[in-house]
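# Descriptive analysis of the structure
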Amino acid sequence: MIDSTFPAYRGSMEYVCLGCGKRFAATGLSAELHYTCPACNSVLMLEDTSIGELKKQSGQHWRDLFDSRAATRNPALRGIFRYYELMAPVLEPQDIVCLGEGHTPIVEGAPALQGYLEARFSFKNEGQNPSASFKDRGMACAFSYLRHMARVRKLTNILGICASTGDTSAAAAMYGAYVGDPIKTAVLLPQGKVTPQQLSQPLGNGATVLEIPGVFDDCMKVVEHLAAQYQVALLNSKNSWRILGQESYAYEVAQHFDWNLDNICLFVPVGNAGNISAIMAGLLKLHALGIFTTLPRLFGVQSSHADPVWRYYSADPATRVYQPVAVRASVAQAAMIGNPVSFPRVRLLAERYESLLPGGFNVIQVTEQAIMDATIIANRHGHIACTQGGECLAGLLQARKLNLISREEHAILDSTAHSLKFSGFQDIYFRNAFDPEYEIKPKPSLYNAPELIADKAGLPVEEIAKKIAERLELKLV
Ligand SMILES: *Cc1c(COP(=O)(O)O)cnc(C)c1O
Ligand SMILES: [Zn+2]
């Protein structure tokens, strides 16, 4: 079936090496799936070399087009691919897999909470993606490209593999299970360093789940080796197709505010730095196409227990050098990464960003205590913040304290996953049972626990009701 609503434009995608600058075809029959530069092993980024074609249209044209697509019934254009021309304009409709990712709500901070914190903010609830984190955006793009490769090259057997702090493996396993033949999925996890909910996801989706002792960085080294030596499809954000898909976050924020981000700033937790790279790349693309004229200021947030990017940007620009750190236990566990794979992308994109908007790129460091308190406080006000979302709120409070933003600026906090994935940390907080390594003491005012109201079964209803009425200080009608 030919669908007239599907765009005719096809881009010409190339991998660009951030180390040596060499370029490699990403489409056409000679294209390979590259994760790192075959010449120098550096990180790659994807570029549409025919973007000049897109620039011939006005910003208004693009704004109108993307707004009209928001109502499309074409499943291939309903999710992140409604920004098709900016995303991966080499895919055909039959390649595209859409499991309902994207379109996540931006929920204004509860009025009482904004007042109490003296800060203006909204959460973008990425936990409302199908596997309950933003990773679905990138995975939808990566799997669509894999299907494209499988179709064009007639591949009969693809093994997708990733290392994960929990959510990448959940997303990979879900898309892998949905797509099925010829793709199978295996995930490598740091034993005991993903939450039980996150672990249940790839298990339930039938992926092969492998574990090693250690942290994410240890797993990443192993899958990098596998990707270099064996025929596997790497699904980590080293895979540039993941970054493309995650750019859709930036497009959605801009569209939500009617393509005008004056007075808006974005807070993003930084782990492997794929997400913040994608968001910067997306914003730069919108700017390049004249879709908006003012870039928003961007704040990466890191815990003091996993802060290599903060360390780099807080050092003197003249002498700073990037150095990985050894991570310590963090409740922002999905961002507990000491050697972010996408650091070279951040460095390059931040430089471009700063050249257009001096002071536009910032990194904030927060304590574990601040992250956990902010998470609990947000959810007490009706939000569904994960600990990384809490990290963003803690980052906003820190930025206000440092006078980096004003009371009037509207901060969009990326709550990267659903609170339920990380509810174990809430439980530990309430029980005051954090391992000393976390350096977290609960605030008694935030404590909550179930109360057993009847000490034995079978009490008469009236008696139980009376106990409850006393507990809740109810008045008789
Ligand atoms: C992956 C992840 C992060 C970190 O994102 P990076 O792209 O690795 O920087 C933050 N929060 C959650 C919930 C994640 O799953
Ligand atoms: Zn290179």
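Residues numbered from 1 in each chain as written. Chains lettered and ligands numbered in written order. Predicted model: local features only at pLDDT ≥ 70, side-chain atom pairs only at ≥ 80, totals over all residues. Heavy atoms only, no water.

Each disulfide is one covalent bond, formed between the sulfur atoms of two cysteines. Enumeration over the complete set of coordinates arrives at zero disulfides. Residue Cys-392 stays outside any disulfide, its sulfur separated by 7.9 Å from that of Cys-386, the closest cysteine. Residue classification places Cys-392 among the buried residues on the basis of a relative accessible area of 0%. (Disulfide = S-S within 2.5 Å. Buried < 20%, exposed > 50% of the residue type's maximum accessible area, 1.4 Å probe, protein only.)

To continue, consider the side chain of Glu-247. By the element assignment, Glu-247 lies in the loop between helix H8 (240-246) and helix H9 (248-256). Note on Glu-247: relative accessible area 4%, which makes it buried. Side-chain polar atoms of Glu-247 contact the side chain of Lys-285, separated by 2.8 Å. Not counting chain neighbours up to four residues away, the residues in contact with Glu-247 comprise Leu-86, Ala-278, Ala-281, Gly-282 and Lys-285. (Helix = DSSP H or I, 4+ residues; strand = E, 2+ residues; numbered from the N terminus. Polar contact = N/O pair within 3.5 Å; in protein donor to acceptor, adjacent residues only side chain to side chain. Contact = heavy atoms within 4.5 Å.)

By nearness alone, 13 residues border ligand 1, and Lys-135, Asp-167, Asn-272, Asn-275 and Thr-416 come closest of all. A distance of 2.8 Å separates an oxygen atom of ligand 1 from a polar atom in the backbone of Asn-272. In this structure, Ala-273 approaches ligand 1 through a main-chain N or O atom, which is 2.8 Å from an oxygen atom. For ligand 1, whose unbound accessible area comes to 380 Å², protein coverage reaches 98%. Spatially, ligand 1 is embedded in the largest cavity. In the shell around ligand 1, the residues fall into five nonpolar, six polar and two charged. (Near = heavy atom within 4 Å. Areas by Shrake-Rupley, 256 points an atom, 1.4 Å probe, with all protein chains shown as cover. 1 Å grid on protein atoms, 1.4 Å probe; cavity = no way out; pocket = protein on both sides within 12 Å on 5 of 7 lines; lining within 4 Å. Sits in = over half its atoms within 2 Å of the grid points. Nonpolar A, V, L, I, M, F, W, Y, C, P; charged D, E, K, R; others polar.)

What follows is about the coordination of the zinc ion (ligand 2). Six octahedral donors around a metal ideally sit at 90 or 180 degrees from one another, while four tetrahedral donors ideally sit at 109.5 degrees. Distances from the zinc ion (ligand 2) to its protein donors, namely Cys-17 (SG), Cys-20 (SG), Cys-37 (SG) and Cys-40 (SG), fall within the range 2.3 Å. In this structure, the zinc ion (ligand 2) is coordinated by four donor atoms arranged in tetrahedral fashion, with angles at the metal of 96 to 117 degrees. Site description for the zinc ion (ligand 2): donor spacing in sequence, C-x2-C-x16-C-x2-C. Here the residue Cys-17 occupies a position in strand S1 (residues 13-17), and Cys-37 occupies one in the loop between strand S2 (23-25) and strand S3 (44-48), the gap between them amounting to 20 residues. (Donors = N, O, S within 2.8 Å, 3.2 Å for Na, K, Ca; no water. Tetrahedral: all angles 85-135°; square planar, octahedral: opposite > 155°, others 65-115°.)

Let us now look at helix H15 (residues 423-430). When H15 is considered as a whole, its buried residues turn out to be Phe-425, Tyr-429 and Phe-430. The buried residues of H15 occupy an angular sector of 140 degrees when projected down its axis, which confines them to one face. Of the residues trailing H15, Asn-432 is marked for its positive phi of about 50 degrees. (Arc of directions from axis to C-beta.)

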